[in-house]
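# Working through the structure, step by step
Now for the letters of each chain:
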Amino acid sequence: MNVLIIGSGAREQAIAWKVAQSSKVQQIFVAPGNPGTAATTAGKGENVAIGAENASALAEFATRHAVDLAIIGPETALQAGVSDALRTVGIRVFGPSQRAAEIETSKSFSKAFMQRLGISTARFACFTDYDAALAHLNSLDYPTVLKTSGLAGGKGVLVPHSIEEARQGLHQLMVERVFGNAGQEVVIEEWLEGEEVSLLAFTDGLTVSAMPPAQDHKRLSEGDHGPNTGGMGAYAPAPICPPELAQAITRAVLQPAVDGLRAEGRPFVGVLYAGIMLTAQGAQVLEFNCRFGDPETQVILPLLESDLVEILEACVDGHLSQVQPRWKVGSAACVVLASEGYPGQPALGKKIHGAQRAVDANEHRLLFHAGTQDHAGELVTAGGRVFAITGLGRSLQDALTQAYTLAQTISFEGMQYRKDIGARAYIGSDEDAFGGKPSNTYAKSGVNIDAGNRAVELMRDAVRATYTPAVLAGIGSFGGLFDASALKEMSAPVLVASTDGVGTKVRLGAATGRYTSLGVDIVNHCINDILVQAAKPLFFLDYFATAHLQPEIAAQVVTGAAQACLESGCVLLGGETAEMPGVYQPDEFDLAGTIVGVVDRAKILPRRDLAAGDLLVGLRSNGAHTNGYSLIRKVFENVPLDTVFPELGVPLADVLLATHRSYLPVLAKVLAQTDSPIKALAHLTGGGFIENIPRVLPEGLKAIIWRGSWPVPPLFALIQKRGKITWQEMYRVFNLGIGMVIVVAPEQAARLQHDLPEESWIIGELAQGEKGVGLQ
């Protein structure tokens with residue numbers, strides 16, 4: 001089949017690159033295309049000297065060259081009616097009609113449309129009269145954003161920091177017309193605070209299929225400073241928008257928009273793109289776009305495993321419901337190289353060096369031309385954004401490394417690009433994380449239950465359910481008796497014991513009435529503490545202390561501990577409930593426990609053969625587990641626990657009270673292997689990465705942690721941003737999504753990951769040096 005792609009930028013080249021991978025395609029025409037088209041289309045691509053908005057010429061060309069499918073890239077072409085002209089002559093088109101495209105090309109239409117459908121968006125008002133707009137602006141008691149209603153190349157948005165700036169901006173848009181006719185109508189809307197995410201979706205006008213969420217970087221300079229641009233970089237998938245949140249946005253925003261357009265006689269076929277602000281009040285729509293985003297396309301399409309042409313045909317032919325796009329595991333990151341003077345008056349005609357070498361780089365690096373021109377055999381700059389460089393990797397950090405490595409091979413006079421693409425997605429620089437100086441540390445946050453007969457009766461059945469024939473005396477005895485004769489079967493049994501507590505997480509449990517999970521927490525915490533020495537748990541003893549005993553609460557806690565013991569084959573041998581008025585504040589309690597396990601001497605970890613070059617493999621945590629809660633409570637002070645932060649998608653209490661998981665079910669079979677590849681284990685508890693990993697290392701070895709090598713749950717980015725906590729402190733306090741670290745020889749890593757029953761990540765390595773932890 002023959003495919004016509006309309007547009008000349010990096011987005012269109014990325015589309016052509018992906019289309020060329022389809023076995024269904026023989027010829028690709030790109031109108032007008034760019035100097036890089038042929039290099040990325042496997043010989044199938046050919047540029048056509050027709051402007052992207054020349055509807056009649058494009059329709060004539062498509063008819064003459066038997067084009068089977070046309071794909072429209074830029075919004076200006078859609079506004080110009082190119083899709084309608086092509087459909088009129090019988091060409092199948094992926095792209096909405098001119099009327100459907102108004103969801104982007106007219107912000108006033110879009111905002112009114114959202115208002116009609118009840119799609120959540122900021123408060124707004126639209127004006128064509130400057131004096132009326134100024135009067136409205138002066139009457140507002142909230143910060144505003146000013147937007148041209150018409151298209152302005154992604155630049156027609158002003159975010160004033162004061163009322164005076166707002167007045168000046170309004171004058172520039174409506175009187176000075178700095179963005180031309182795009183400013184003849186202006187939208188004044190409420191400024192929303194939060195993280196922005198781009199959610200694009202394929203649609204046939206009925207079915208909506210969302211793509212991986214991406215985050216764009218609109219501002220020119222690092223730290224989101226400087227003027228708005230068309231986009232200085234992007235990455236996908238964006239951890240700030242996990243799958244369940246993306247699904248919720250699809251249901252609440254994208255599907256209603258598609259249904260609403262169809263109901264209003266504007267059926268939409270193509271890519272519908274929602275710019276979403278994740279606010280404390282939930283996800284709100286900033287704007288809709290009617291096409292693939294730029295530079296989002298350059299990071300989304302490389303993650304698509306399916307045949308793009310099959311998906312686009314399904315959209316055009318109205319049977320997208322029969323197609324399920326498949327997406328690759330991994331990340332993509334894009335860095336835009338821009339001209340000096342961009343986004344105002346970019347310097348053009350500057351000779352470009354290194355682009356040809358970059359084309360041949362490797363499969364993990366892609367070079368897309370955004371604003372270049374072949375001038376007398378030499379490649380020169382011909383636009384504000386000159387190149388979009390995409391890196392691919394197993395993690396975002398890998399992808400960013402690939403992209404920035406390629407960026408450094410290209411140069412032209414006045415070249416500028418941001419050095420902090422992707423910084424929002426992982427624990428990175430302090431300034432990027434919270435836009436100010438660090439102010440909190442764990443120390444500053446102030447790091448600092450008796451049973452009556454009824455409590456014993458309430459918990460008795462749950463405790464006894466854990467007993468085995470080895471229990472000779474348990475609950476109610478002064479001391480528990482455990483028959484250890486079975487240990488004789490081991491060649492050299494060694495007992496391993498550990499005591500720990502749940503810490504101030506108990507306050508959150510008390511505040512929500514969720515006590516059972518705390519019992520699970522303490523058992524699993526202790527199991528993990530002895531698991532790092534390869535020990536199997538034998539029995540557990542709990543300690544519950546409070547100011548005034550409430551038997552039902554004590555029983556719930558101990559019942560949770562019993563459940564965790566049952567799941568791990570461990571006996572809850574006994575414990576203590578203590579009532580101590582005056583020691584604890586009313587309604588306060590404490591929870592701790594002691595565990596005893598056994599390991600054969602020959603299998604004790606860590607092994608003595610730890611060496612530089614060994615890899616660190618991380619297993620996911622369930623959240624904060626039982627550590628850092630004094631700091632967490634300080635960060636979320638006065639925040640109701642039923643608050644649903646957009647990046648979390650569920651009430652705050654659900655996330656903070658997720659149970660501390662046990663790694664025994666994950667590691668038991670691997671540890672039992674006669675030639676187990678596990679050299680050492682580190683349980684990331686209080687002290688996070690910085691304090692815990694060195695506990696298993698010999699002198700002369702240090703651990704290097706590769707930041708960004710695993711998906712950090714949104715909870716931790718939220719904690720860092722709200723608390724203004726340095727990244728060093730975050731790594732010293734929290735597990736950041738990794739609850740257990742495995743040390744393994746590099747040649748055994750693949751085998752280990754294969755034998756583990758769940759996903760794991762290689763998060764670092766050991767190196768020679770002073771014992772400790774380094775971050776890179």
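Definitions and limits used
Residues numbered from 1 in each chain as written. Predicted model: local features only at pLDDT ≥ 70, side-chain atom pairs only at ≥ 80, totals over all residues. Heavy atoms only, no water. Helix = DSSP H or I, 4+ residues; strand = E, 2+ residues; numbered from the N terminus. Rg over C-alpha atoms; globule rule 2.2 N^0.38 Å. Buried < 20%, exposed > 50% of the residue type's maximum accessible area, 1.4 Å probe, protein only. Areas by Shrake-Rupley, 256 points an atom, 1.4 Å probe, with all protein chains shown as cover. Phe/Tyr/Trp six-rings, centres within 6.5 Å; stacked < 30°, edge-to-face > 60°. Lys NZ or Arg CZ within 6 Å of the ring centre and 35° of its normal. Pairing = 2+ DSSP bridges. pLDDT = per-residue confidence, 0-100. Contact = heavy atoms within 4.5 Å. Salt bridge = Lys/Arg side-chain N within 4 Å of Asp/Glu carboxyl O. Axes fitted to C-alpha atoms, helices over the stretch in contact; angles between N-to-C directions. Parallel < 35°, antiparallel > 145°, perpendicular 65-115°, else oblique. Arc of directions from axis to C-beta.

## As for the overall build of the protein
Helix and strand counts for the protein stand at 25 helices and 34 strands. Taking 2.2 N^0.38 as the reference for a compact globule, 776 residues should give roughly 28 Å; the C-alpha atoms of the protein span a radius of gyration of 30 Å, in line with that estimate. With the principal axes as the frame, the protein shows a C-alpha extent of 95 × 60 × 50 Å. Counting across all 776 residues of the protein, residues that qualify as buried make up 58%. When the accessible surface of the protein is split by element, carbon and sulfur atoms take 50% of a total near 30,400 Å².

## Overview of the packing of aromatic side chains
Given two aromatic rings, their pairing is described by the distance between the two centres and the angle made by the two planes. Taken as a whole and assessed by the stated rule, the structure comprises 13 aromatic pairs. Arranged with centres 6.3 Å apart and planes meeting at 40°, the rings of F94 and F292 form a pair that is tilted. Taken as a pair, F94 in strand 5 (residues 93-94) and F292 in the loop between strand 17 (282-289) and helix 10 (297-300) lie far apart in primary sequence, 198 residues in all. Since its relative accessible area comes to 3%, F292 is described here as buried. Judged by centre distance (5.8 Å) and plane angle (20°), the rings of F109 and F113 are stacked. Note that F109 and F113 are positioned in helix 6 (residues 107-117) at a spacing of four residues, about one turn of the helix. The exposure class assigned to F113 is buried, which follows from its relative accessible area of 0%. Ring pairing ties together the aromatic residues F689, W710, W727 and Y731, which thus form one cluster. Here K419 stacks its cationic end above the ring of Y417, 4.4 Å away from the centre of that ring. Positioned over the ring face of W727 is R707, at 4.5 Å from the centre of the ring.

## Structural notes on the sheet that holds strand 9 (residues 186-190)
Pairing is antiparallel in the open sheet, where four strands are placed in the order 6-9-7-8. This sheet does not close on itself; its edge strands, each paired only once, are strand 6 (124-127) and strand 8 (157-158). Pairing of strand 6 with strand 9, which is carried by four bridges, proceeds in the antiparallel orientation. Looking at the pairing, F124 lines up with E189 of strand 9.

## A look at helix 1 (residues 10-19)
With ten of ten residues buried, helix 1 lies mostly within the body of the structure. Within helix 1 the residues assigned to the buried category are A10, R11, E12, Q13, A14, I15, A16, W17, K18 and V19.

## Description of the confidence of the model for the protein
Of the residues in the protein, 93% reach a pLDDT of 70 or more, and the chain-wide mean stands at 89. Segment residues 427-439: pLDDT under 50, and 37 contacts once partners within four positions in sequence are set aside and those in other chains are kept. For the stretch residues 441-452, pLDDT sits under 50, and the model shows 37 contacts to residues farther than four places along the chain or on other chains.

## Brief notes about the environment of V463
Mapping V463 onto the fold places it in helix 15 (residues 453-464). Relative accessible area serves as the criterion here: at 3%, V463 is assigned to the buried category. Once the C-alpha coordinates of V463 and R607 are considered, the two residues, 144 residues apart in sequence, prove to be 36 Å apart.

## Side note on the pattern of salt bridges
Applying the stated criterion to the full structure yields 31 salt bridges. Residues R11 and E12 are paired through a salt bridge, measuring 2.7 Å at the closest nitrogen-oxygen approach. For the pair shown, R11 and E12 are each scored as buried. One salt bridge connects D521 with K505, and the closest N-O pair in it is separated by 3.1 Å. Here the residue D521 occupies a position in helix 17 (residues 516-531), and K505 occupies one in helix 16 (residues 505-512), the gap between them amounting to 16 residues. Residue K505 is classed as buried on the basis of its relative accessible area of 0%. In this structure, a network of salt bridges that share partners links the residues K24, R92, E313 and D317.

## As for the packing of helix 6 against helix 9 (residues 243-263)
Contact pair helix 6 / helix 9: the axes reach a minimum separation of 11 Å and the direction vectors enclose 100°. By the angle between their axes, helix 6 is roughly perpendicular relative to helix 9. On helix 9, the residues that touch F109, F113 and L117 of helix 6 are P256, A257, G260 and L261.

## Regarding the sheet that holds strand 3 (residues 45-47)
Across the sheet, which stays open at both edges, the five strands sit in the order 3-2-1-4-5 with parallel pairing between neighbours. Each having just a single partner strand, strand 3 and strand 5 make up the two edges of the open sheet. Pairing of strand 4 (residues 69-72) with strand 5, which is carried by two bridges, proceeds in the parallel orientation. Within strand 5, the residue paired with A70 across the bridge is V93. Here helix 1 sits on the sheet and contacts strand 1 (2-7), strand 2 (27-32) and strand 4; the angle it forms with strand 1, its principal contact strand, is near 165°. Against the sheet, helix 2 (residues 55-64) makes contact with strand 1 and strand 2, and its axis sits at roughly 165° relative to strand 1, the strand it touches most.

## Here we look at helix 16
Burial in helix 16 covers these residues: K505, V506, L508 and G509. Along the axis of helix 16, the buried residues cluster in a sector spanning 160°; they form a single face. Looking at the packing, one finds that the buried side of helix 16 touches helix 17, strand 28 (589-600), helix 19 (629-635) and helix 20 (652-656). G513 sits one or two positions beyond helix 16 and adopts a positive phi of about 75°.

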